[in-house]
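As a plain string of letters, each chain reads:
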Amino acid sequence: EAQVTQNPRYLITVTGKKLTVTCSQNMNHEYMSWYRQDPGLGLRQIYYSMNVEVTDKGDVPEGYKVSRKEKRNFPLILESPSPNQTSLYFCASSFSATASGTEQFFGPGTRLTVL
Amino acid sequence: AQSVSQHNHHVILSEAASLELGCNYSYGGTVNLFWYVQYPGQHLQLLLKYFSGDPLVKGIKGFEAEFIKSKFSFNLRKPSVQWSDTAEYFCAVTPHYGQNFVFGPGTRLSVLP
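Cut-offs used in this document
Residues numbered from 1 in each chain as written. Chains lettered and ligands numbered in written order. Predicted model: local features only at pLDDT ≥ 70, side-chain atom pairs only at ≥ 80, totals over all residues. Heavy atoms only, no water. Helix = DSSP H or I, 4+ residues; strand = E, 2+ residues; numbered from the N terminus. Rg over C-alpha atoms; globule rule 2.2 N^0.38 Å. Buried < 20%, exposed > 50% of the residue type's maximum accessible area, 1.4 Å probe, protein only. Contact = heavy atoms within 4.5 Å. Areas by Shrake-Rupley, 256 points an atom, 1.4 Å probe, with all protein chains shown as cover. Lys, Arg positive; Asp, Glu negative; His and termini not counted. Charge placed at Lys NZ, Arg CZ, Asp CG, Glu CD. 1 Å grid on protein atoms, 1.4 Å probe; cavity = no way out; pocket = protein on both sides within 12 Å on 5 of 7 lines; lining within 4 Å. Points joined across faces, edges and corners; volume = space filled by probe spheres on them. Nonpolar A, V, L, I, M, F, W, Y, C, P; charged D, E, K, R; others polar. Core = buried A, V, L, I, M, F, W, Y, C linked by side-chain atoms within 4.5 Å. Buried area = accessible area lost by both parts, 1.4 Å probe. Salt bridge = Lys/Arg side-chain N within 4 Å of Asp/Glu carboxyl O.

Caption draft 1: Focus on the overall build of chain B. Regarding its fold elements, chain B presents zero helices and 12 strands. Going from the N terminus to the C terminus, chain B shows its helices and strands as β-β-β-β-β-β-β-β-β-β-β-β. Computed over the C-alpha atoms, the radius of gyration of chain B is 13 Å, within 12% of the 13 Å expected from 2.2 N^0.38 for a compact globule of 113 residues. Taken along the three principal axes of its C-alpha coordinates, chain B extends 40 × 30 × 20 Å. Per-residue burial over chain B gives 50% buried out of 113 residues. The long-range share in chain B, meaning contacts at least 24 apart out of those at least 6 apart in sequence, stands at 55%. Roughly 5,200 Å² of accessible area belongs to chain B as shown, and the carbon and sulfur atoms make up 53% of that amount. When the 8 positive and 7 negative side-chain charges of chain B are each reduced to one mean point, those points stand 4 Å apart.

Caption draft 2: Region of the structure containing the layout of surface pockets. Roughly 550 Å³ of volume is contained in the largest pocket. What lines the largest pocket is a set of 30 residues, and nearest its centre among them are Gln-37, Leu-88 and Arg-111 of chain A together with Gln-38 and Glu-88 of chain B. Counting residues per element, the ones that place at least two in the lining of the largest pocket are β4 (31-38), β9 (87-94) and β11 (110-114) of chain A together with β10 (87-95) and β12 (107-112) of chain B. Sorting elements by how many residues they give to the lining of the largest pocket places β11 of chain A first, with four residues. Split by residue class, the lining of the largest pocket holds 12 nonpolar, 13 polar and five charged. One number sums up the size of the second largest pocket: a volume of about 240 Å³. Looking at the second largest pocket, it is lined by 17 residues, and the ones nearest its centre are Ala-2, Phe-105 and Phe-106 of chain A together with His-43 and Leu-44 of chain B.

Caption draft 3: The arrangement of the nonpolar core in detail. Membership of the largest hydrophobic core comes to 29 residues, with the highest contact counts inside it found for Leu-33, Trp-35, Leu-47, Leu-48, Phe-74, Leu-76 and Tyr-89 of chain B. Setting aside residues up to four positions removed in sequence, Leu-47 of chain B forms contacts with Trp-35, Tyr-36, Val-37, Gly-59, Ile-60, Phe-63, Leu-76 and Tyr-89 of chain B. Among the nonpolar cores identified, the runner-up in size contains 19 residues, and Val-4, Val-21, Met-27 and Met-32 of chain A belong to it.

Caption draft 4: The arrangement of the interface of chain A and chain B in detail. Each side of the interface is counted separately: chain A has 22 residues, and chain B has 22 residues. The junction of chain A with chain B conceals about 1,800 Å² of combined surface from both sides, 56% of it contributed by carbon and sulfur atoms. At the surface where chain A touches chain B, the tally comes to one salt bridge. Between Glu-103 of chain A and Lys-49 of chain B there is a salt bridge whose closest N-O contact spans 3.0 Å. At five residues, strand β5 (residues 42-51) of chain A tops the list of elements feeding residues into the side of chain A that touches chain B.

Caption draft 5: Region of the structure containing the pattern of salt bridges. Overall, the coordinates contain nine salt bridges over all chains when judged by the stated rule. The residue Asp-38 of chain A makes a salt bridge to Arg-36 of chain A at a minimum N-O spacing of 2.9 Å. By the burial criterion, Asp-38 of chain A is buried, and Arg-36 of chain A matches it. Overlapping salt bridges, with partners in common, bring together Lys-58, Glu-64, Glu-66 and Arg-77 of chain B in one network.

Here it is, written out as structure tokens:
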């Protein structure tokens, strides 16, 4: 089944404790992206990746890191989480980021709480 | 920078009523436009998309949207809503050959049985 998976689905942590949220897609998509969803703000793009070893900042990259060593995986890293990073996070992928390929497929979401 | 606005924060309708959700974007070039739906507790799913051609696009579940370039708008419509349409709806835009996606803040639709 074609899908985007994220782990963990729920995470409660404390300020400053490094964490990684994994994202994996099995559709051979070139483009992958991370979003955070907050009430009243919709989805805001954190980072995106056009292909392996190619990443770039979205609208709200502060406090986050990403890597794209393999095509299928795009982990989101919070080196020192803070309470303002409490949010619902979605990973998404698409065949490409150009013209006809830009429909995104979303993962199930990761609800992160930073105490 | 691109931005997307959605006119209504929360819309409440009775079943069988007609629906129109507004979406306006700001970007000077050619864009791709999308409407996504998020049912309670679920992830986003694509309702419909516009890349080029006919500005009236039809999507799943009886939804359609019209791209009006002169108004920078991409409003979502459905002639008769059902209780199962209760969800949050997001408009999104990306440049035609671009890399970043921008979503609107969302409109919550509540359909009363």
